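Read off the chains here:
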Amino acid sequence: MDTSTHALTGLAEDEAARALAEHGRNELPEPKPRSLHSRAARQLADPLSILLLIAGLVTLAVLREVPEGAAILAILLVNVVIGVSQEAKAEQAVRALRTMTAPMAKVRRGGAVRRIPAAEVVPGDVVEVAAGDRVAADAQVVEAVSLAVNESMLTGESRSAAKRAGGLLEGPLGDRDGELFSGTMAVRGSAVAVVTATGAATEMGRIASALQGQVKGPLEVELARVSKRIGVLAVVAGVVMVALGFTRGGIEPFELVLAGVALAIAAVPESMAAAVTTALALGSQRMAKLGVIVRRLSAIQALGATTVIASDKTGTLTTGRLAVTDHVTVPGADLWRAAVRCNDARDGLGDAVDVALLSAAAGHGVRPDEPRTSSRPFDADTRSMAVVTPGPVLTVKGAPEVVLARCSPGEQADRLAAAVPELARRGLRVLALAEGDTGDLDADGLRPVGLLALSDEIRVSARQAVADSRAGGIRVIMVTGDHADTARAVAVEVGIEPEPVVTGAGLEGEDRQARLREAGVLARVDPATKLDLVRALRDGGEVVAMTGDGVNDAPALRHADVGVAMAGEEGTDVAREAAAVVVTNGELGTIVTGVREGRRLHHNVASMIGYLLTGNLAEIFLVLAGLFLWPDLVIPLLPVQLLWINLVLDGIPAIALGVDRAPGDPLSTRPGRDGLLSRRVLARIGLRSLIVGVLVIAAVEVARRLGWDDAQVRTQAVLTLVFARLTLAYVARARRWTFERGWWRGRSVLVAVAGTAALQALVTLVPPLGALLALSAVPPLGWAMALGAAVLTPPLCDLARILGRRSRLAWTVASKGGSRSGGR
């Protein structure tokens, strides 16, 4: 590979195109999409599907009941089709989100520096790498300035590896200090390198298979745990049903066993996890269109539960487009020359501060023309940058308190120090510059050069976002490296309550944690303080969303409940990798939109789970109660009827709840801290299932007293159960009361409920269809009772909710009273 100096102008566009055609895109080979038959086999391999298959085959081959057996196998087929479709949609959503978070690379093409998708990098490209960048491909270092790279994903070594031009290119990975590896992260310094390998030919490509696989999030684990518990309950119910049937006699053993198996299958919400994952995946796609890319679906739950947003100032509350609006120059010093010397921007690319300084210097006729002999890039810990140019001349740029502390005491240094507070009070970002005739990057005794004050325009959406957050019970804390006075001025302008304003230097002492939790604005913070803020807030019971875009933000992003990486020119790959959520436009308003959507999705998932579990428990209760109430009926609901109810009620209505837009603003209701299935929620589900079960039992009892035959009685049970469960969809989606204001606006739920009711009416009224499900015609009174149960279900559930709230309130008051009495 040619790494000579003239080659560093980069490939020409036609050369890059030929290389791309020859070597292919710089991407790791993705696993082949799962074939249709393998997806179907995966669905059939589920234990519950196996039970259903056995039930259908036994009904056909042993019992010779062709209509029932065919219906059971048809229902199994429909379940498989739905499962395959849900899996395909979820995978498609994940692929789309992965594409939207694809990294970028900075390359030199034909002498110009460009940002291109990393997938378009080819062997021979000249790439520039700076702190915070993910290395796009394997490359040989030809220029390096204090470069250190995190290679832990390849070597297992947590310590950063130093890189240098002309270093080793052979041997163990950890010893190759002249080579960069695809996928690793630059954590300090900068470099220029020539790409030697891309895609599958990289070191990462060789071990790509070890990086595949999915990790279940907490939401998926919770759903799996609940499904298993309900499954055990259903199997026990089936066993009890079979045992009771055998003690009574008068029923064929095969038919009885089949009924028990069918009850167990019908009572288990086997599609719940897949339906919830699909709802979250589709919801995350909708959020992506709004600028909120969810990298891990389980983060949606935490995003919706957010109580504190710790927001960066620059680029989030402000536009991030800086301009030099004021300056103070020491007589005889060349402020603009110093600003150009100590600057890493190039061709309009680089840090926003450096780009603004170059632009201002160009306006004064000063452009970069001096080579460097050594340099130290800006560091968040020292809050300064240092460059040595021939002479030698040392130029230092950074926070005024840092730079002026390295200057010799005197009138000019005092004058600059006195000017800083006034500039900061105006909301300006202030930088100081100093020089010295030395080649020592750490030298003190420098000459002050002057101050540069930059303004950052407030985002139009920031004020509204802060107001919306406050209305939704979310506190916004500003976190910035700027001067305290600058931070206070911006906070007041966007509507954040600034007091107390806490600086990183003022956080020593035993009350550090308490002061962090109380802060309205954190100024002059370092990465360690950001991380301490996250821990302090979480220890105080808050759910924290932390924003960031730099390398040093990564620890705080990783430890926050929701790490939010702000994408854009300043956003680094390190931040995106550490975060669970990526905001494409960097605005606080977009984060609040994400919280709103997160709360909506959280509510929809909770509604879906509550709806499914209530119906399944109602079926178990009805069948077991029927064994005791109606011995002569033997089986209150036939296996094929149970399976049909599960198919029509666990399908379309559940999916409709997953994409629903419930009444009211989602920000007005914060999710509970006890998860989706707390004891209170489970108690509510149990009570609702009892209400539905009692209504069905009442309708069946009326039908029996009127002398209806067994087929009509079972048909009445099916109709009443289906119609009552359909109105449960409205009960489950309600935030307070079932028919609160705007309840009719949920078109998806309305269509699903109406369509399912019409389908049930069709199979009941059309004899050939009814015969498949052992349904028969019932008198008009039967339809009236079924509709009556549907009408009564919501108010009875609302009444139970009121009584439950009052009982909890009474218990709380009594407990507090008892505690006070005990205290006396």
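Above this text you will find the structure in question.
Rules and cut-offs
- Residues numbered from 1 in each chain as written.
- Predicted model: local features only at pLDDT ≥ 70, side-chain atom pairs only at ≥ 80, totals over all residues.
- Heavy atoms only, no water.
- Helix = DSSP H or I, 4+ residues; strand = E, 2+ residues; numbered from the N terminus.
- Axes fitted to C-alpha atoms, helices over the stretch in contact; angles between N-to-C directions.
- Parallel < 35°, antiparallel > 145°, perpendicular 65-115°, else oblique.
- Left-handed = near helix turned anticlockwise from the far one by under 90°.
- Contact = heavy atoms within 4.5 Å.
- Nonpolar A, V, L, I, M, F, W, Y, C, P; charged D, E, K, R; others polar.
- Phe/Tyr/Trp six-rings, centres within 6.5 Å; stacked < 30°, edge-to-face > 60°.
- Buried < 20%, exposed > 50% of the residue type's maximum accessible area, 1.4 Å probe, protein only.
- Lys NZ or Arg CZ within 6 Å of the ring centre and 35° of its normal.
- Core = buried A, V, L, I, M, F, W, Y, C linked by side-chain atoms within 4.5 Å.

## Quick look at the environment of Ala579
And step 1. Within the secondary structure, Ala579 sits in the loop between α20 (573–578) and β21 (581–583).
And step 2. Separated by 20 residues in the primary sequence, Ala579 and His559 place their C-alpha atoms 9.2 Å from one another.

## A look at the packing of helix α22 (residues 639–649) against helix α26 (residues 747–765)
And step 1. Put simply, α22 and α26 touch, their axes get as near as 10 Å, and they point 150° apart. Looking at the two axes, α22 sits roughly antiparallel to α26. The way α22 lies across α26 gives a crossing that is right-handed. Contacts between α22 and α26 pair Trp644, Val648 and Leu649 from the former with Thr756, Leu759, Gln760 and Val763 from the latter.
And step 2. Considered class by class, the residues forming the contact of α22 with α26 number 5 nonpolar, 2 polar and no charged.

## A word on the packing of aromatic side chains
And step 1. Tallying each qualifying case throughout the model produces 1 aromatic pair.
And step 2. Pairing Phe723 with Trp783 gives two aromatic rings, centres 6.3 Å apart and planes at 50°, and the pair type is tilted. You can see Phe723 sitting in helix α25 (residues 710–733) and its partner Trp783 sitting in helix α28 (residues 780–823), a full 60 residues away along the chain.
And step 3. Trp783 sits in the buried class, given a relative accessible area of 18%.
And step 4. Over the face of the ring belonging to Tyr611 we find Arg725, whose NZ or CZ atom lies 5.6 Å from the ring centre.

## Let's talk about the packing of helix α21 (residues 588–629) against helix α24 (residues 679–705)
Relative placement of two packed helices is described by the angle separating their axes and the distance separating the axes.
And step 1. Running from amino to carboxyl end, α21 crosses α24 at an angle of 45°, the nearest separation of the two axes being 8 Å. Compared by their axis directions, α21 and α24 come out oblique. Taken as a pair, α21 and α24 cross one another with a handedness that is right-handed. On the side of α21, the interface is formed by Gly610, Leu613, Thr614, Leu617, Ala618, Phe621, Leu622, Ala625 and Leu629, while α24 contributes Ile685, Arg688, Ser689, Leu690, Val692, Gly693, Val694, Val696 and Ile697.
And step 2. Considering only residue class, the contact of α21 with α24 consists of 13 nonpolar, 4 polar and 1 charged.

## Looking at the nonpolar core
And step 1. Judged by nonpolar contacts, the single largest core of 108 residues is most densely connected at Met478, Ile496, Val564, Leu588, Tyr611 and Leu637.
And step 2. Excluding anything up to four places from it in sequence, Met478 contacts Ser311, Lys313, Leu317, Ala487, Val490, Ala491, Ile496, Gly520, Val521 and Leu522.
And step 3. Of all hydrophobic cores here, the second largest spans 25 residues; its members include Ala310, Ile477, Val502 and Ala560.

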